[in-house]
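A look at the structure
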Amino acid sequence: MILSARLSTVLRTALVSTAALLVLGSGVATAGDPAVQEANFRFIGNYDYIHVNSDDVFRFTAPAGLAQAVEVDVDAGGLTGIYTMPISDELGVRMIGGPTFSKVHVDGVDDLQSYGLMAGGDVFWRDPAVGELGVGTFYNFAESERFRSTSDFRSVDRSDHTAGLHAYGKFFIKDLWGFGPVDLDASGNFSDSNIDDNGSLSAERNYGARWGATLYPGDGFSVRLGGRYSRTNYGDLSSQELTVMDLDAKVLIPSKPNVILGAGFFMGTTDESPNGFQNYGRFISGIAISATISFPGADSLVDLNRRFF
């Protein structure tokens, strides 16, 4: 399908940003190691479980009065391939793609199952002794089917097309007070969706930010503590804000190719402003697990994250 004009604008903006980074990065001298030690590939399988608590809300539209925002459970995951290669001593590029899936269960109301594909790419400047700056684009496509748990059972099919861009920065600390190396990171993203629900179009726009610190107590272990914020504006004038804290750990199995196992926990709040309802907030929590196979591999997570990935 042809992307909307808004999605095309997003892609054009991303391309301009990428070109600007190439010009900027090519003029920065790197005295140490190259941005990418050597071309490498990793294959990531991930699974997330998310739970959103129920809450009482007030409805302004008829029939006016108290209503309930019911519990929501989400199973989501995917398989992602990432190829990283040098394009100069200072610059590198990543190419990303793979299938995705999700199942959203709204207690007593309906289920939404989605299967899709995502693709994207980054260009970045990196000095393994200092830090990293990058920009990139991404595109997601998903086919969804909604099953309604009502007496007049029916299914609704829809296609979601999402395009966006992101920018990020990292600062590398060689050793923090004897505890080990630390990576500080921050990023921002913007995306736009063109949702085709049985022929009707509804714009959806998302803004987000992410930040955190990763500590490496040993060559084969890392812990990251961080946070995330996002806001989604929907086509029906409703909106949703998400603020969560993340705690993630990764373990490197000393083999070639590398195997990296990851597990994490997150918790926070989702503040929702549905059209026709009073604003309300709910508690959200979840777990995340992942497994990564990396070729050709390295001897530590610090080397992988600062010199390869």
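Conventions adopted
Residue numbers here run from 1 along each chain, matching the order of that chain's written sequence. Reporting in this predicted model follows two pLDDT cut-offs: at least 70 for local features of residues, and 80 or more for side-chain atom pairs to be given and counted; totals over whole chains, interfaces and linings ignore these cut-offs and use all residues. As a rule here, side-chain values cover all heavy atoms of the structure and leave hydrogens and water aside. In DSSP terms, a helix is any run of H or I states spanning at least four residues, a strand is any run of E spanning at least two, and both are numbered starting from the N terminus. Each residue's exposure class comes from its accessible area (1.4 Å probe, protein chains only) as a fraction of the maximum for that residue type: buried when under 20%, exposed when over 50%, partly exposed otherwise. What makes two residues a contact is simply this: any of their non-hydrogen atoms within 4.5 Å. Note on areas: these come from Shrake-Rupley sampling with a 1.4 Å probe, and a residue is covered only by the protein chains present in the view. A pair of strands is treated as paired once DSSP finds two or more bridges between them. Any pair of Phe, Tyr and Trp rings, taking the six-membered ring for Trp, is counted once the centres come within 6.5 Å. Such a pair is stacked with planes under 30 degrees apart, edge-to-face with planes over 60 apart, and tilted for the rest. Note on criteria: charge over ring means Lys NZ or Arg CZ within 6 Å of the ring centre, with the direction from the centre no more than 35 degrees off the ring normal. Each nonpolar core is a collection of buried residues, namely Ala, Val, Leu, Ile, Met, Phe, Trp, Tyr and Cys, held together in the definition by side-chain atoms within 4.5 Å. By definition, a salt bridge exists where a carboxyl oxygen of Asp or Glu is found within 4 Å of a side-chain nitrogen of Lys or Arg.

Re the overall build of the protein chain
Across its full length, the protein chain holds 2 helices and 14 strands. For the protein chain, with 309 residues in total, the buried portion stands at 40%. Here the analysis covers contacts within the protein chain between residues at least 6 apart in sequence; of these, 60% occur between residues at least 24 apart. Per element, the accessible surface of the protein chain, about 15700 Å² overall, is 62% carbon and sulfur.

Some points on the pairing of strand E5 (residues 91-106)
Of the strand pairs in this sheet, strand E4 (residues 72-86) and E5 are connected by 13 bridges, and their pairing is antiparallel. Looking at E5, one finds that proline 86 is bridged to glycine 92. Where E5 meets strand E6 (residues 110-127), 16 bridges bridge the pair, whose relative direction is antiparallel. Its bridge partner lying in E6, methionine 95 is registered against glycine 121.

Digging into the packing of aromatic side chains
Centre-to-centre distance and the angle between the planes together describe a pair of aromatic rings. Counted under the stated rule, the structure contains 1 aromatic pair. Ring plane angle 50° and centroid distance 5.6 Å describe the contact between phenylalanine 190 and tyrosine 207, whose orientation is recorded as tilted. Of this pair, phenylalanine 190 sits in strand E9 (residues 182-197) while tyrosine 207 is found in strand E10 (residues 200-218), placing the two residues 17 residues apart along the sequence. Here the basic side chain of arginine 94 rests over the ring of phenylalanine 124, its NZ or CZ set 4.1 Å away from the ring centre.

Let's talk about the environment of glycine 45
Within the fold, glycine 45 resides in strand E1 (residues 40-52). Under the relative-accessibility criterion, glycine 45 is labelled partly exposed at 23%. Along the sequence, glycine 45 and threonine 80 sit 35 residues apart, while their C-alpha atoms lie 6.5 Å from each other. The contacts of glycine 45, once residues within four sequence positions are left out, are Gly78, Leu79, Ile289, Ser290 and Ala291.

Things to note about unusual backbone geometry
In this structure, the amide linkage connecting lysine 256 to the following residue, proline 257, adopts the cis form with an omega of 0°. By the element assignment, proline 257 lies in the loop between strand E12 (239-253) and strand E13 (258-273). In this model, phenylalanine 295 is joined to proline 296 through a cis peptide bond whose omega is 0°. Tracing the chain through its elements places proline 296 in the loop between strand E14 (280-295) and helix H2 (301-308).

Description of the environment of asparagine 275
Among the secondary structure elements, asparagine 275 is positioned in the loop between E13 and E14. For asparagine 275 and tyrosine 234, which are 41 residues apart along the polypeptide, the C-alpha to C-alpha distance reads 9.6 Å. Setting aside residues no more than four positions away along its own chain, asparagine 275 makes contact with Asp236 and Ser238.

Side note on the side chain of serine 285
Looking at where serine 285 falls in the secondary structure, it is placed in strand E14. For serine 285, a relative accessible area of 16% translates into the label buried.

Quick word on the nonpolar core
Tyr216, Leu252, Ile260, Ala298, Leu301, Val302, Leu304, Phe308 and Phe309 form the largest nonpolar core, which has 9 residues in total. The contact partners of valine 302, leaving out residues within four places of it in the chain, are Pro181, Tyr216 and Arg307. With 8 residues, the next largest nonpolar core counts Val52, Ala76, Val106 and Val244 among its residues.

What about the pattern of salt bridges?
In the structure shown here, the tally under the stated rule is 12 salt bridges. The salt bridge involving glutamate 272 is made with arginine 282; its shortest N-O contact spans 3.0 Å. With a gap of 10 residues between them, glutamate 272 in strand E13 and arginine 282 in strand E14 connect regions that are remote in the sequence. Each member of the pair glutamate 272 and arginine 282 is classed as buried. Salt bridges sharing partners connect three or more residues here, namely Arg94, Asp122, Arg126 and Glu132.

Distances and angles like these do not, on their own, reveal function.
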